[in-house]
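Commentary on secondary and tertiary structure
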Amino acid sequence: QVQLQESGPGLVKPSGTLSLTCAVSGDSISSNNWWGWVRQPPGTGLEWIGEIYHSGTTNYNPSLKSRVTISLDTSKNQFSLKLDSVTAADTAVYYCARPTVTKGGAFDIWGQGAVVTVSS
Amino acid sequence: QSVLTQPPSASGTPGQRVSISCSGSSSSIGSKNVNWYQQFPGTAPKLLIYRSNQRPSGVPDRVSGSKSGTSASLAISGLQSEDEAIYYCSSWDDSLNGPIFGGGTKLTVL
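Since this is a predicted model, take the numbers as computed values, not measurements.

**A word on the sheet that holds strand β2 (residues 18-23) of chain B**
Residues and elements named next belong to chain B.
- Spatially, β2-β6-β5 is the arrangement adopted by the three strands of the open sheet, whose pairing is antiparallel. With partners counted over all chains shown, the strands left at the sheet margins are β2 and β5 (63-68), one partner each. Neighbour-to-neighbour, the strand axes of the sheet open up by a mean angle of 20°, direction not taken into account.

Here it is, written out as structure tokens:
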């Protein structure tokens, strides 16, 4: 049973860097999969942030591309999200999720979510 | 970037059949599969339908999905109080080169 678990600071100062990690259990991040991040601002819908393939190839939402970095840590079986120059608009619940190839890329596994607030 | 449009709310009584629509474009729904997610307050979304009409294991067969042209629908029959949640449609968008989500439909069981 594949499980994802986000971790990282819940409070980030404006203009700072948001850093989150997603620990993967029940699967290897080196397997033939993509690994992604989705966020949900308070009271609103879902926004795709980006994804990384097991090879290290990345694909980012163009609206965030200049500020986002997603990377793999195979030694710890986890992947990470960094978002630079954050503002209050980046306040959201951040989910790591696995888009599964056998389900046409649908996100079939989600973490429980990490609440991140951008405030001084 | 394309947009997926959903009604903000839907409702039904126990036992009824409810349908939620999702309208897109030729570069999204018109040429790509649609996925549906169910989300309860304070929890992560759960995949309900993938590839427009496929159910993951564990999703009851009273839940179904369909697609026609640039629109898709999620139908729930035999409505139960536990179905009260927010439902999101999603499709791949070629201009974004990534998935887009609808704004969500809050389903109320009266």
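**Focus on the sheet that holds strand β7 (residues 68-73) of chain A**
All names here are of chain A.
- With antiparallel pairing, four strands are arranged side by side in an open sheet as β1-β3-β8-β7. Both edges of this open sheet fall to β1 (3-7) and β7, since each of them pairs with a single strand only. Ignoring which end each strand starts from, the neighbouring axes of this sheet average 20° apart.
- Pairing of β7 with strand β8 (residues 78-83), which is carried by six bridges, proceeds in the antiparallel orientation. Following the sheet pairing, Leu72 is matched in β8 by Phe79.

**Points about the interface of chain A and chain B**
- Each side of the interface is counted separately: chain A has 21 residues, and chain B has 17 residues.
- Carbon and sulfur atoms supply 62% of the area buried between chain A and chain B, which totals about 1,500 Å² over both sides.
- Looking only at chain A, the three residues that lose the most surface to chain B are Leu46, Trp48 and Lys103 of chain A, adding up to 32% of its buried area.
- Connecting chain A to chain B are zero salt bridges.
- Put simply, chain A and chain B have seven residue pairs in polar contact (both at pLDDT 80 or more) between them.
- Ranked by residues supplied to the side of chain A that touches chain B, first place goes to strand β10 (residues 106-110) of chain A with four residues.
- Of the residues in the side of chain A that touches chain B, the class split is nine nonpolar, eight polar and four charged.

**Regarding the state of the cysteines**
All names here are of chain A.
- Scanning the entire structure with this criterion turns up two disulfides over all chains.
- Here Cys22 is linked by a disulfide to Cys96, with a sulfur-sulfur distance of 2.1 Å. Taking the torsion about the S-S bond as the criterion, the Cys22 to Cys96 disulfide, at about 65°, is right-handed. On the criterion of sequence distance, the pair formed by Cys22 in strand β3 (residues 18-25) and Cys96 in strand β9 (residues 92-100) is long-range, its members being 74 residues apart. By the burial criterion, Cys22 is buried, and Cys96 matches it.

**Considerations on the side chain of Glu51 of chain A**
- The residue Glu51 of chain A is located in strand β5 (residues 47-53) in this model.
- No salt bridge is formed by the buried Glu51 of chain A; the nearest opposite charge belongs to Arg98 of chain A, separated by 11 Å.
- Among all residues touching Glu51 of chain A, those that are not within four sequence positions of it are Trp34, Trp35, Gly36, Thr57, Thr58, Asn59, Ile70 and Pro99 of chain A together with Trp92 of chain B.

**Brief notes about the pattern of salt bridges**
- In the structure shown here, the tally under the stated rule is eight salt bridges over all chains.
- In this structure, Asp94 of chain B and Lys32 of chain B form a salt bridge, with 2.9 Å as the shortest nitrogen-oxygen distance. Here Lys32 of chain B lies in the loop between β2 and β3 (34-39) and Asp94 of chain B lies in the loop between β7 (85-93) and β8 (98-101), a separation of 62 residues in the sequence.
- Judged by its relative accessible area of 22%, Lys32 of chain B falls in the partly exposed class.
- Each of the salt bridges in this network shares a partner with another, and the network as a whole consists of Asp27, Arg98, Lys103 and Asp108 of chain A.

**Structural notes on the layout of surface pockets**
- The space that makes up the largest pocket amounts to roughly 280 Å³.
- For the largest pocket, the lining is made up of 17 residues, of which Gly104, Gly105 and Ala106 of chain A together with Asn35 and Trp92 of chain B are closest to its centre.
- Sorting the residues of the lining of the largest pocket by element identifies β9 and β10 of chain A together with β3 and β7 of chain B as the ones contributing at least two each.
- The element contributing the most residues to the lining of the largest pocket is β7 of chain B, with three residues.
- A class-by-class count of the residues in the lining of the largest pocket yields eight nonpolar, seven polar and two charged.

Cut-offs used in this document
- Residues numbered from 1 in each chain as written.
- Chains lettered and ligands numbered in written order.
- Predicted model: local features only at pLDDT ≥ 70, side-chain atom pairs only at ≥ 80, totals over all residues.
- Heavy atoms only, no water.
- Pairing = 2+ DSSP bridges.
- Helix = DSSP H or I, 4+ residues; strand = E, 2+ residues; numbered from the N terminus.
- Axes fitted to C-alpha atoms, helices over the stretch in contact; angles between N-to-C directions.
- Contact = heavy atoms within 4.5 Å.
- Buried area = accessible area lost by both parts, 1.4 Å probe.
- Salt bridge = Lys/Arg side-chain N within 4 Å of Asp/Glu carboxyl O.
- Polar contact = N/O pair within 3.5 Å; in protein donor to acceptor, adjacent residues only side chain to side chain.
- Nonpolar A, V, L, I, M, F, W, Y, C, P; charged D, E, K, R; others polar.
- Disulfide = S-S within 2.5 Å.
- Buried < 20%, exposed > 50% of the residue type's maximum accessible area, 1.4 Å probe, protein only.
- Lys, Arg positive; Asp, Glu negative; His and termini not counted.
- 1 Å grid on protein atoms, 1.4 Å probe; cavity = no way out; pocket = protein on both sides within 12 Å on 5 of 7 lines; lining within 4 Å.
- Points joined across faces, edges and corners; volume = space filled by probe spheres on them.

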